[in-house]
Amino acid sequence: MTAPEDKDAKALSSLIPRTIGPWLSEADEVFDAETIFDYINGSGEVYRSYNMRLVLARRFHKDGKPDIVVDLFDMGSSEDAFGVFTHDLDGEDAKIGQGSTYKGGLLSFWKDRYFGSVYAEEETPETKGLVLELGRQIAAAIPREGSKPSLLSALPPEGLDAKLVRFFHNHLVLNYHFFVADTNILLLDQTTDAVLALYGGPKDGARLLLVDYGDTAKAGAARDSFSGAYMPESPEKGIVRTEDGKWAAVRTAGSVVAVVFDAGSETQAAAVLDEAAAAWMKGRSPK
Amino acid sequence: MRRSSITRRDFLKVASAAPLAGAFIPALKAGTPAAPDEKVRVVLVRDPSPLGPGGAPPAEVVQKMLDDAVCALLGEKDAVRAWKSIIRPEDVVGIKTNAWRYIPTTVEVEQAIKRRVMDAGVAEDNIAIDDRGVLRNPVFQRATALVNARPFRTHHWSGVGSLIKNYIMFVPSPPAYHGDTCADLATLWNLPMVKGKTRLNVLVMFTPLFHGVGPHHYSKEYTWEYKGLIVSRDPVAADVTGLRVLQAKRREHFGDDRPFQMTPHHVFLADTRHHLGVSDINKIELVKLGWPDGALI
């Protein structure tokens, strides 16, 4: 556990109120990327995969009532705060911070480089109100907003389900959202930025995956690795009709590899990739 | 082109984790069942008594559930005789529990086990109950026998919090076993403090967690009162049986065969890669005792 008097921990602490209604807070606990397993066990790997720096946990207690727990993460960058928020998008929009969800006593939100979770150990009308109020107060105490990952700007807007866009780095998180393969055939790692987006319904829609490898050689190697494993019958062509009658296709655009899964037609697969590639390259060209 | 419901994504999964297919979709399993004498016995015992504030039935009910299960498992009529067949008076016994805040093993289960270990003739000084402190616990350090007891739940990184995984506290750095979503947790069972010492596995199914949310991977909304214990000498067979229950509950709740958030492949790899136990449900003899309503399997 990191000392709560650490400068960064103090900064986190200052963003969270000491009381909420008649609930009083207990002693803070602070964890970094190495010690987070002392606090939240295996889930710590998710936060580590988004390069977390610190989390401050503050528990609010009132005798005879459910505890409320605030976990406020300093993710180091707004992109990773956004990313870890997109890991679980289940719930209603609570309109807190730069993005939020609420379901079953759990509020999640992000703002600037911070990701916040506020959880009532039992949801009642009273605890729901306090959870949301805590979230609003914490978000208000964060002075700035942060930017989303630049890859999002390359997503074609037509048909995009904007509420289900995920940002992440490694293949384990990719598989969590959309299983591709047990092995890391896209050569993802902590230095790659990836966006997964849904076009159409979750059961029959197409998925667009964009991965920025930082340089064209790495992107080329990843494209070759993916097409060799996923479409061995036509790796050079980069497009294949899969066993369920849908289409998968892959393309590079500078440092980015774009892959579409489950497209309804060859034309749709090509069009989505064309548009994403053009949008990405346009964003990179000199102004 | 004939359309198939099995795509190359399924193949890329099944190719590296074939045992999963058999356990999760039994109808697709084409293999011949193993001969009866090769089967591993697993006992599921349930009781409809109300749960107390700690999430367990009353202590006397838990004792009876455990006794009935151990007798059925070991083919004995008397619980103390049954325990004496797996614990010797000279044993030093560590009861590896699980202290997770939201769903612990429960004191009732811990004490029911301890009582029968003492009935088997072990001195109280030679018995310890511990989770996170096992490496520093002097009884665990000299233990000759272990009883492994933990609640079953989904887990954000390993798929499920399993009996296999419960020995993670026998290493100083648990994250060292997190690679490939905890694929090789079974190697924990080769640690000197553990190897060959486990006499019984008790998977607590009073209020299992079948889906997780948030940093703590917990919401009461995704638990239910199953009120059961799964008991076996084989941790893999017990975990697979628990997985079948969770999978059935998820199917009932979500209305489809939703995959676990992370693959629980460590349970199957414990069999196919590490040979710790049996994961093939065709080679497991499931004995069901007690309350049948809502058993799901």
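As the structure is a computational prediction, the values presented were derived from the model and not from experiment.

### Describing unusual backbone geometry
Residue and element names in this part refer to chain B.
Step number 1: We note that Thr181 has phi near 45°; this positive angle belongs to a residue other than glycine.
Step number 2: As for its placement among the helices and strands, Thr181 is situated in helix H7 (residues 179–182).
Step number 3: Given the relative accessible area of 3%, Thr181 is considered buried.
Step number 4: Its identity is not glycine, yet His275 carries a phi of approximately 55°, on the positive side.
Step number 5: Summarising the element assignment, His275 is placed in the loop between helix H9 (265–272) and strand S8 (284–290).
Step number 6: Accessibility expressed as a relative area gives 64% for His275, which makes it exposed.

### Comments concerning the pairing of strand S14 (residues 256–263) of chain A
Residues and elements named next belong to chain A.
Step number 1: Counting buried positions along S14 gives eight out of eight residues, so the element sits mostly inside the fold.
Step number 2: Bridge count between strand S11 (residues 206–212) and S14: six bridges; the pairing is antiparallel. Of the residues in S14, the one forming a bridge with Leu208 is Val260.
Step number 3: Sheet topology places strand S13 (residues 247–253) next to S14; six bridges connect them, and they run antiparallel. Each residue of the ladder has a partner; that of Thr252, found in S14, is Val257.
Step number 4: What sits between S13 and S14 in their antiparallel hairpin is a turn of two residues, with Gly254 showing a positive phi close to 65°.

### What about the packing of helix H8 (residues 235–254) of chain B against H9(B)?
Any two packed helices are characterised by the angle at which their axes cross and by the distance between the axes.
All names here are of chain B.
Step number 1: With their axes 10 Å apart at the nearest point, H8 and H9 run at an angle of 145° to one another. You can see that H8 and H9 cross each other, and the crossing is left-handed. On H9, the residues touching Val236, Asp239, Val240 and Leu243 of H8 are Val267, Phe268, Ala270 and Asp271.
Step number 2: Among the residues making up the contact of H8 with H9, the classes are represented as six nonpolar, no polar and two charged.

### What to know about the packing of aromatic side chains
Any aromatic ring pair is given by two values, namely how distant the centres are and how the planes are angled relative to each other.
Step number 1: Counting across every chain of the model gives 21 aromatic pairs over all chains.
Step number 2: Between Tyr47(A) and Phe73(A), the aromatic rings sit 4.2 Å apart at their centres with planes inclined by 10°, giving stacked as the arrangement. One end of the pair, Tyr47(A), is in helix H3 (residues 44–49); the other, Phe73(A), is in strand S5 (residues 68–74), and 26 residues separate them in sequence.
Step number 3: Judged by its relative accessible area of 1%, Phe73(A) is buried.
Step number 4: Residues Phe140(B) and Phe170(B) carry aromatic rings whose centres are separated by 6.1 Å and whose planes lie at 50° to one another, so their mutual orientation is tilted. Placement of Phe140(B) in helix H6 (residues 138–141) and of Phe170(B) in the loop between strand S5 (159–161) and H7 is noted, with a sequence separation of 30 residues between them. Like Phe170(B), Phe140(B) is buried.
Step number 5: Each member of the aromatic cluster is reached from another via a ring pair, and the members are Phe210(B), Tyr222(B), Trp224(B), Tyr226(B) and Phe254(B).
Step number 6: Taking NZ or CZ as reference, Arg153(B) lies 3.6 Å from the ring centre of Trp100(B), over its face.

### What about the environment of Ile168(B)?
Step number 1: Mapped onto the elements of the fold, Ile168(B) is located in the loop between S5 and H7.
Step number 2: Setting aside chain neighbours within four positions, we find Ile168(B) in contact with Pro174(B), Tyr177(B), Leu185(B) and Leu188(B).

### Considerations on the interface of chain B and chain A
Step number 1: Contacts between the two partners involve 36 residues from chain B, matched on the other side by 45 residues from chain A.
Step number 2: Summing both sides of the interface, chain B and chain A together bury roughly 3600 Å²; the carbon and sulfur share of this comes to 52%.
Step number 3: For the interface between chain B and chain A, the tally reads two salt bridges.
Step number 4: A salt bridge links Arg101(B) to Asp67(A); its shortest N-O distance comes to 3.8 Å.
Step number 5: In this assembly, chain B and chain A are joined by eight residue pairs in polar contact (both at pLDDT 80 or more).
Step number 6: Broken down by secondary-structure element, the contributors of at least two residues to the side of chain B that touches chain A are helix H1 (8–14) and strand S4 (145–155) of chain B.
Step number 7: The element contributing the most residues to the side of chain B that touches chain A is H1(B), with four residues.
Step number 8: Looking at the side of chain B that touches chain A, its residues break down into twelve nonpolar, twelve polar and twelve charged.

### Concerning the nonpolar core
For soluble globular proteins, the rule of thumb is that nonpolar side chains tend to be buried together.
Step number 1: By size, the foremost hydrophobic cluster in this structure holds 136 residues, and its most contacted members are Leu209(A) and Phe226(A).
Step number 2: Counting residues per element, this core draws most heavily on H8(B), at eight residues.
Step number 3: Composition of this core by domain shows at least three residues from each of domain 1 (7–141) and domain 2 (150–284) of chain A.
Step number 4: Setting aside residues up to four positions removed in sequence, Phe226(A) forms contacts with Val180(A), Ile185(A), Leu186(A), Met231(A), Val250(A), Val259(A) and Phe261(A).
Step number 5: Of all hydrophobic cores here, the second largest spans 33 residues; its members include Leu66(B), Ala120(B), Val202(B) and Phe206(B).

Reading guide: rules and limits
Residues numbered from 1 in each chain as written. Chains lettered and ligands numbered in written order. Predicted model: local features only at pLDDT ≥ 70, side-chain atom pairs only at ≥ 80, totals over all residues. Heavy atoms only, no water. Helix = DSSP H or I, 4+ residues; strand = E, 2+ residues; numbered from the N terminus. Buried < 20%, exposed > 50% of the residue type's maximum accessible area, 1.4 Å probe, protein only. Pairing = 2+ DSSP bridges. Axes fitted to C-alpha atoms, helices over the stretch in contact; angles between N-to-C directions. Left-handed = near helix turned anticlockwise from the far one by under 90°. Contact = heavy atoms within 4.5 Å. Nonpolar A, V, L, I, M, F, W, Y, C, P; charged D, E, K, R; others polar. Phe/Tyr/Trp six-rings, centres within 6.5 Å; stacked < 30°, edge-to-face > 60°. Lys NZ or Arg CZ within 6 Å of the ring centre and 35° of its normal. Buried area = accessible area lost by both parts, 1.4 Å probe. Salt bridge = Lys/Arg side-chain N within 4 Å of Asp/Glu carboxyl O. Polar contact = N/O pair within 3.5 Å; in protein donor to acceptor, adjacent residues only side chain to side chain. Core = buried A, V, L, I, M, F, W, Y, C linked by side-chain atoms within 4.5 Å. Domains from an automatic or database assignment.

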